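# Observations on chain architecture
Residue-level listing of the chains:
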Amino acid sequence: MELPDFMKYKDMFNVGDFAEKVQRVAKRAGAKLIYAALILYYTMQSDKVSVKDKAIIIGALGYLISPLDVVPDAIPLAGLGDDLAVLIYVLHKVWGEVSDDIKAKAKEKLATWFDDDEIEKVDDIFSERPEDTPV
C-alpha cells in the first residue's frame, strides 16, 4: 500500500476534532490505532520534539480526523486501515522521541475505552509494518 501525502492534511488538525474522532471511533478502530494516535498527540505536546517532527505528527493526526482520506472510514474493516498505516508510519519515525511517560499516559487514557486484555496488545505496536497493514 502506498501512503498518501498526509502533510496536506496538517491544516485539518485541531484538538477538538481529534478528541471527538478518537472518542467516536475508539471501539471500532481498535486499541492499536487509538494508542498510536494518543502517543502521537502526547508526543506533539512535548517541548523535546523538533518542529519538523511536530509538523509530521500534525499531518498524520489531520489525516486521521479528515473525512477525505484514501479509504473512507465508513467502509467496514478497511476504512480505518489507511489511518492506522499513516499513524504507525509516523510513529515509527518519531519513536525515539516517545518517552515512557507518554506511553504510560496513552495507556492510561486507553483504559477509558478498552479492557486490560485489549490494552496489552498495544505493546506490539510495530508488529505490522505500515506497508503490511491491511486496508
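Up top is the structure.
Heads up: these notes are all about the structure in this document.

### Some details on the overall build of the protein chain
Counting its regular elements, the protein chain contains six helices and zero strands. Each helix and strand of the protein chain, placed in order from N terminus to C terminus, yields the pattern α-α-α-α-α-α. Every one of the 135 residues in the protein chain was classed for burial, and the buried ones make up 49%. Taking the contacts inside the protein chain whose residues are at least 6 apart along the sequence as the reference set, 76% of them involve residues at least 24 apart. Summed over its atoms, the accessible surface of the protein chain is roughly 7200 Å², and 53% of this surface lies on carbon and sulfur atoms.

### Re the environment of isoleucine 58
Following the sequence through the fold, isoleucine 58 ends up in helix α3 (residues 51-65). As for isoleucine 58 and leucine 40, which are separated by 18 residues in sequence, their C-alpha atoms are 8.5 Å apart. Aside from chain neighbours lying at most four places away, what touches isoleucine 58 is Lys10, Phe13 and Met44.

### Side note on the packing of α3 against helix α4 (residues 81-94)
Running from amino to carboxyl end, α3 crosses α4 at an angle of 170 degrees, the nearest separation of the two axes being 9 Å. One element, α3, and the other, α4, form an angle in the roughly antiparallel class. Between α3 and α4 lies a crossing whose hand is left-handed. Contacts between α3 and α4 involve Asp53, Ile56, Ile57, Ala60, Leu61, Tyr63 and Leu64 from the first element and Asp82, Asp83, Val86, Leu87, Val90 and Val94 from the second.

### Brief notes about α3
For α3, spanning 15 residues, the distance from its first C-alpha to its last is 21 Å, which sits close to the expected 21 Å at 1.5 Å a residue. Among the residues of α3, Asp53, Ile56, Ile57, Gly59, Ala60, Leu61, Gly62, Tyr63, Leu64 and Ile65 are the ones counted as buried.

### Let's talk about the pattern of salt bridges
As a working rule, side chains carrying opposite charge can pair if their charged atoms are close by. Applying the stated criterion across every chain yields a total of two salt bridges. Among the ionic pairs, lysine 107 bridges to aspartate 123, the shortest N-O distance being 2.3 Å. Separated by 16 residues along the polypeptide, lysine 107 in helix α5 (residues 100-110) and aspartate 123 in the segment after α6 (116-120) bring together distant segments of the chain.

### Observations regarding the environment of lysine 10
Relative to the assigned elements, lysine 10 resides in the segment before α1 (15-29). For the pair lysine 10 and glycine 59, spaced 49 residues apart in sequence, the C-alpha separation works out to 3.8 Å. When neighbours within four sequence positions are excluded, lysine 10 is seen to be in contact with Ile58 and Gly59.

### Quick look at the nonpolar core
In terms of nonpolar packing, the biggest core is built from 42 residues, with Phe18, Ile34, Leu61 and Leu87 touching the most fellow members. Here this core takes 12 residues from helix α2 (residues 31-44), the largest share from any one element. Beyond its immediate stretch of four places on either side in the chain, phenylalanine 18 contacts Phe13, Ala37, Leu38, Tyr41, Leu61, Leu64 and Ile65.

### Quick word on the side chain of threonine 43
Here threonine 43 shows up in helix α2. Judged by relative accessible area, which is 0%, threonine 43 ranks as buried. There is a polar contact of 2.7 Å between the side chain of threonine 43 and the backbone oxygen of isoleucine 39. Ignoring any residue separated from it by four or fewer positions in sequence, one finds threonine 43 in contact with Val49, Ile57, Glu97, Val98 and Ile102.

Rules used in this analysis
- Residues numbered from 1 in each chain as written.
- Predicted model: local features only at pLDDT ≥ 70, side-chain atom pairs only at ≥ 80, totals over all residues.
- Heavy atoms only, no water.
- Helix = DSSP H or I, 4+ residues; strand = E, 2+ residues; numbered from the N terminus.
- Buried < 20%, exposed > 50% of the residue type's maximum accessible area, 1.4 Å probe, protein only.
- Contact = heavy atoms within 4.5 Å.
- Areas by Shrake-Rupley, 256 points an atom, 1.4 Å probe, with all protein chains shown as cover.
- Axes fitted to C-alpha atoms, helices over the stretch in contact; angles between N-to-C directions.
- Parallel < 35°, antiparallel > 145°, perpendicular 65-115°, else oblique.
- Left-handed = near helix turned anticlockwise from the far one by under 90°.
- Expected span 1.5 Å × (residues − 1).
- Salt bridge = Lys/Arg side-chain N within 4 Å of Asp/Glu carboxyl O.
- Core = buried A, V, L, I, M, F, W, Y, C linked by side-chain atoms within 4.5 Å.
- Polar contact = N/O pair within 3.5 Å; in protein donor to acceptor, adjacent residues only side chain to side chain.

Shape descriptors only; they carry no functional weight alone.
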